[in-house]
Each structure stands twice: as structure tokens, then as C-alpha cells.
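The residues making up each chain are set out below.
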Amino acid sequence: MTERVDGGWLLRATPGVDRGRSNHALTPCRSLAAAEMPAAIDRVEEFARRHGIRPGIQVSPLGVHGALMSELDHRGLGAPVAGACAGGAGGRRRRFIYAVGARGG
């Protein structure tokens, strides 16, 4: 199941599947303003709780989400758990997946 929310986020949950990519929120394809990040991260965590999944954010494309990745790191909301993935037209597009609920330690 998916839920599109204001700001261009796509929240995803796949009941019965405990695979990260199927249950991670997708970031919008634009830079995020610092003021909108806290509410967006809270919304991802609330969606995950509501659907009984581990919260996570698939950060892509990396070129526009440096500030979001810095915010996630600053909050201690987990380390990146994935790296590059295949992109369109035979190219490679880089992305990271953050396990939002996993606090580093």
C-alpha cells in the first residue's frame, strides 16, 4: 500500500513483507527546506507505526538530498544501510536507505 503526502513524499508499506525497500518512504525529487524536514521525518515514523513496519527513508536522488542526509545523521537516526542501485538507460543512480527507527550507538 502507498500513501502520497504533501511535499512529494511516497510512503510505502507491504503487509507481510519485511524487506526494506518495500517498506521505505521515497523522498521527493527536489531539495527539501530545512523547515519541512522535522515534520516529514515524523510523518514517516508515524506511518511505519500505523502499519507495523520498521521506518526507513530511501534517499534519492542523492544530488538534491545532502541536507536531508545531514539532518538524519545529526539526529542519530541510523546509518545508511544501502548504497548504489541501477538507474534508467543503463546508468547507475546513487541512493541511500536510512533505517530511521534504528538509533546509532
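Notes on the structure follow. Here, residues in each chain are numbered from 1, in the same order as that chain's written sequence. It should be noted that, the model being predicted, local features are given only for residues of pLDDT at least 70 and side-chain atom pairs only at 80 or more, the latter also being counted only at that level, while totals for whole chains, interfaces and linings use all residues. Values reported for side chains reflect all heavy atoms of the structure, with hydrogen atoms and water molecules removed beforehand.

## Considerations on the overall build of the protein
Per the convention used, a helix needs a DSSP run of H or I reaching at least four residues, while a strand needs a run of E reaching at least two, with both numbered from the N terminus. Per the secondary structure count, the protein includes 2 helices and 7 strands. Order of helices (α) and strands (β) in the protein, N terminus to C terminus: β-β-β-α-β-α-β-β-β. Only protein chains enter the area calculation, which uses a 1.4 Å probe; residues under 20% of their type maximum are buried, those over 50% are exposed, and those in between are partly exposed. By the burial criterion, 38% of the 105 residues in the protein qualify as buried. Summarising the internal contacts of the protein: among those between residues at least 6 apart in sequence, 55% fall at separations of at least 24. To measure how exposed things are, a 1.4 Å probe is used in the Shrake-Rupley method; for residues, cover is taken only from the protein chains shown. Of the roughly 5800 Å² of accessible surface on the protein, a fraction of 53% belongs to carbon and sulfur atoms. Note on contacts: a residue pair is in contact if any heavy atoms of the two residues lie within 4.5 Å.

## Section: the pairing of strand E1 (residues 2-5)
Sheet topology note: the E1/strand E2 (residues 9-12) ladder contains 4 bridges and is antiparallel. Paired with glutamate 3 across the bridge in E2 is leucine 11. A strand pair is defined by DSSP finding two or more bridges across the two strands. Remark: 3 residues form the turn of the hairpin made by E1 and E2, two consecutive strands paired antiparallel; glycine 7 in that turn has positive phi of roughly 95°.

## Concerning the pattern of salt bridges
Here, a salt bridge means any Lys or Arg side-chain nitrogen found within 4 Å of an Asp or Glu carboxyl oxygen. As enumerated under the stated definition, the model contains 3 salt bridges in all. Here arginine 50 ties to glutamate 3 by a salt bridge, and the two come within 2.7 Å at their closest N and O atoms. On the criterion of sequence distance, the pair formed by arginine 50 in helix H1 (residues 37-51) and glutamate 3 in strand E1 is long-range, its members being 47 residues apart. In this structure, arginine 30 and glutamate 36 form a salt bridge, with 2.9 Å as the shortest nitrogen-oxygen distance. Judged by its relative accessible area of 26%, glutamate 36 is partly exposed.

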